[in-house]
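# Tertiary structure, described
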Amino acid sequence: MSKSCGCNKRIMSNAVRACMTNDNNCHDVCVEPRCGTPEYLTVLTPVVYDEIGINVCRSFTLPENLLDCYPTTAYASAEVIDIATERCAETIAPINSRPNCYEVTLTDLNVTFAVRLYDCCKRLLTTARVTDIVYLPSDICDESHDEDTNPSSVTLDLFAPYGVAYTDGNVDNPSLNYIGFSTTNNQLVQGLNLMSIAKVLDFDISDNTMTVGLTLIVKTVYFTQYQIPHNGRAIVSKGDLTSEEDSLCMSFVAGSLLDRTIKPLEPCNPYDSKKSCDSCTDPNDCACLTPDD
């Protein structure tokens, strides 16, 4: 005999079901949300489980005529905007017999820089996009290849107990996310993340070349829920618009900044987890119940 259908099972969070009784002392957050500041905040935050970094270095020529357009250039700096890499299936792989660790091979890193040029007074002249600068070239005949400072590849071993992310969910294509300075790559994701910091070591105006060192850091990141104490709400500084106008809008503009006052729930506060709405006398005692209560 088949089971009857159409009966929806109702499941409530601890905060919602905390006051589903006839006890008038309990505070029903569904009717009147609590305002104020909780003792603890439950946060879902990215946590670094492991990380390792290396330094690489190479020289390259700036785009033709760039310095000709800015003849007063005296200094330069560089920021990595993006790093693209051609990945094969073996680039990111679990280590044999060590399932909680992965090896990440970096090679043929195609780097895009934002190069800033300054005059002798450190005034910014321009920001130029410099592309297709390859670090860790797989071709050992490449002029930038150096076994000590810019080898053909490096393999990094990292602790990754919850695995890695996959491009478009394809398990044959594990992903290494680059965190850069483009709107398309400036986000942290769960799994393996690559970051880079650049430093101009030499800038030769006479032959239009730069020597740039890169720090490459690979991090294993997972989103994890934590409960943290805090020092109260942040206070945003306010700028004033001065005017002698007397109106509702002017009163609002001259007043305090708006802020949200509903208090975040404390679903896992250990100080409240043993209390029950059946016995509480203080509404503040009914903030949280665990499923075992």
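The structure under discussion appears in the preceding block.
Residues numbered from 1 in each chain as written. Predicted model: local features only at pLDDT ≥ 70, side-chain atom pairs only at ≥ 80, totals over all residues. Heavy atoms only, no water.

## With respect to the overall build of the chain
When you go through the chain residue by residue, the secondary structure sums to three helices and 10 strands. Taken from N to C terminus, the helices and strands of the chain fall in the order α-β-α-β-β-β-β-β-β-β-β-β-α. The buried share among the 293 residues of the chain stands at 35%. Across the chain, contacts joining residues at least 24 apart in sequence account for 69% of those joining residues at least 6 apart. As presented, the chain carries roughly 19000 Å² of accessible surface, and 51% of it is formed by carbon and sulfur atoms. (Helix = DSSP H or I, 4+ residues; strand = E, 2+ residues; numbered from the N terminus. Buried < 20%, exposed > 50% of the residue type's maximum accessible area, 1.4 Å probe, protein only. Contact = heavy atoms within 4.5 Å. Areas by Shrake-Rupley, 256 points an atom, 1.4 Å probe, with all protein chains shown as cover.)

## As for the sheet that holds strand β6 (residues 124-135)
Across the sheet, which stays open at both edges, the three strands sit in the order β2-β5-β6 with antiparallel pairing between neighbours. Only two strands of the sheet have a single neighbouring strand rather than two, namely β2 (75-85) and β6. Along the sheet, successive strands turn relative to each other by an average axial angle of 20°, direction set aside. Where strand β5 (residues 109-118) meets β6, nine bridges bridge the pair, whose relative direction is antiparallel. Residue pairing in the sheet places Arg 116 in a bridge with Thr 127 of β6. (Pairing = 2+ DSSP bridges. Axes fitted to C-alpha atoms, helices over the stretch in contact; angles between N-to-C directions.)

## A look at the sheet that holds strand β8 (residues 176-178)
An order of β1-β10-β9-β8 is seen for the four strands of this open sheet, with the pairing classed as mixed. Because the sheet does not close on itself, it has two edges, and the strands there are β1 (40-61) and β8. Each strand axis lies, on average, 30° off the axis of its neighbour in the sheet, ignoring direction.

## Focus: the packing of aromatic side chains
For the structure on display, the rule yields five aromatic pairs. Pairing Phe 60 with Phe 113 gives two aromatic rings, centres 5.5 Å apart and planes at 15°, and the pair type is stacked. Highlighted residues: Phe 60 in strand β1 and Phe 113 in strand β5, separated in sequence by 53 residues. Here Phe 60 matches Phe 113 in class, with each residue buried. Ring centres of Tyr 162 and Tyr 222 lie 5.1 Å apart, and the angle between their planes is 90°; on these two criteria the pair is classed as edge-to-face. Pair noted here: Tyr 162 is in the loop between β7 (154-159) and β8 and Tyr 222 is in strand β10 (residues 209-229), with a separation of 60 residues, a long-range link. Owing to a relative accessible area of 60%, Tyr 162 belongs among the exposed residues under this scheme. Accessibility expressed as a relative area gives 4% for Tyr 222, which makes it buried. Among the aromatic residues, ring-to-ring pairing joins Tyr 49, Tyr 162 and Tyr 222 into one connected group. (Phe/Tyr/Trp six-rings, centres within 6.5 Å; stacked < 30°, edge-to-face > 60°.)

## As for the nonpolar core
The biggest cluster of nonpolar side chains holds 41 residues, and the ones touching the most others in it are Phe 60, Leu 62, Leu 106, Phe 113, Tyr 135, Leu 214 and Leu 216. With six residues, the top contributor of residues to this core is β10. (Core = buried A, V, L, I, M, F, W, Y, C linked by side-chain atoms within 4.5 Å.)

## Observations regarding the side chain of Thr 112
Tracing the chain through its elements places Thr 112 in strand β5. For Thr 112, a relative accessible area of 10% corresponds to the buried category. Every residue in contact with Thr 112, bar those within four places of it in the chain, is listed here: Glu 79, Val 80, Ile 81, Asp 82, Arg 129, Val 130 and Thr 131.

## Side note on the pattern of salt bridges
As enumerated under the stated definition, the model contains three salt bridges in all. Its salt-bridge partner being Arg 233, residue Asp 259 comes within 2.9 Å of it at the nearest N-O pair. Of the two residues, Asp 259 sits in the segment after α3 (248-254) while Arg 233 sits in the loop between β10 and α3, which places them 26 residues apart along the sequence. Residue class for Arg 233 comes out partly exposed when judged on its relative accessible area of 40%. (Salt bridge = Lys/Arg side-chain N within 4 Å of Asp/Glu carboxyl O.)

## Let's talk about the side chain of Thr 220
On the secondary structure map, Thr 220 appears in strand β10. Reaching out from Thr 220, the side chain makes a polar contact with the backbone oxygen of Phe 159 at a distance of 3.1 Å. Setting aside anything within four residues of it in sequence, one finds Thr 220 in contact with Val 47, Val 48, Tyr 49, Asp 50, Leu 158, Phe 159, Ala 160, Gly 191 and Leu 192. (Polar contact = N/O pair within 3.5 Å; in protein donor to acceptor, adjacent residues only side chain to side chain.)

## Regarding unusual backbone geometry
Located in the positive-phi region is Leu 136, a residue other than glycine, with phi close to 55°. Following the sequence through the fold, Leu 136 ends up in the loop between β6 and β7. Look at Leu 136 and you get buried, because its relative accessible area is 0%. Positive phi, close to 65°, is recorded for Asn 208, a residue that is not glycine. Within the secondary structure, Asn 208 sits in the loop between β9 (191-204) and β10.

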